[in-house]
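# Descriptive analysis of the structure
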Amino acid sequence: MNQKDLKRYKKMLEDSKASLLESARKTLLEESSFDTDDLPDEIDLASSEYAQSMQFRLRDREKFLLQKIDKALERIENGSFGVCERCEEDISPKRLEARPVTTLCIRCKEEQEKKEKSYG
């Protein structure tokens, strides 16, 4: 993979990371605190708690995505970005565009999903 492509993928990953971190910051500042005195009844309170719980679950998933982004940035630095970790073939540019954190080529990913379905 050439340096121009690596820089583009690095920028994509860094932008995604910044966006996720900003979103998490907003959640902590704005959505994580609510005053129960502002809610007139138990239904409003339950609804608000459910929405807050959902926000935190989404942020938890984003935490895992941040870890994947950091690992992808490490792979860019060490020269292994864009190479399938299972078969060691190049991952197609279309796949990297759609999912720059991927570590598997499409063929290996499909095999992995088939195995997961057979176990689950």
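Residues numbered from 1 in each chain as written. Predicted model: local features only at pLDDT ≥ 70, side-chain atom pairs only at ≥ 80, totals over all residues. Heavy atoms only, no water.

So, on to the packing of aromatic side chains. With the rule as written, the count across this model stands at one aromatic pair. With 5.4 Å between their ring centres and 45° between their planes, Y9 and F81 make a pair best called tilted. A residue pair is termed long-range when its members are at least 10 positions apart, and Y9 in helix α1 (residues 3–31) and F81 in the loop between α2 (42–78) and α3 (93–98) qualify at 72 residues. The two residues Y9 and F81 agree in class, both being buried. Positioned above the aromatic ring of Y9 is the side chain of R8, whose terminal nitrogen or guanidinium carbon lies 4.8 Å from the ring centre. Sitting above the plane of the F64 ring, K63 keeps its charged end 5.5 Å from the centroid. (Phe/Tyr/Trp six-rings, centres within 6.5 Å; stacked < 30°, edge-to-face > 60°. Helix = DSSP H or I, 4+ residues; strand = E, 2+ residues; numbered from the N terminus. Buried < 20%, exposed > 50% of the residue type's maximum accessible area, 1.4 Å probe, protein only. Lys NZ or Arg CZ within 6 Å of the ring centre and 35° of its normal.)

For the rest of this paragraph, the subject is unusual backbone geometry. Even without a glycine there, the phi angle at E88 is positive, about 65°. Counting through the fold element by element, E88 comes out in the loop between α2 and α3. Overall, the relative accessible area of 64% leaves E88 in the exposed class.

By themselves, these observations are geometric and do not establish any function.
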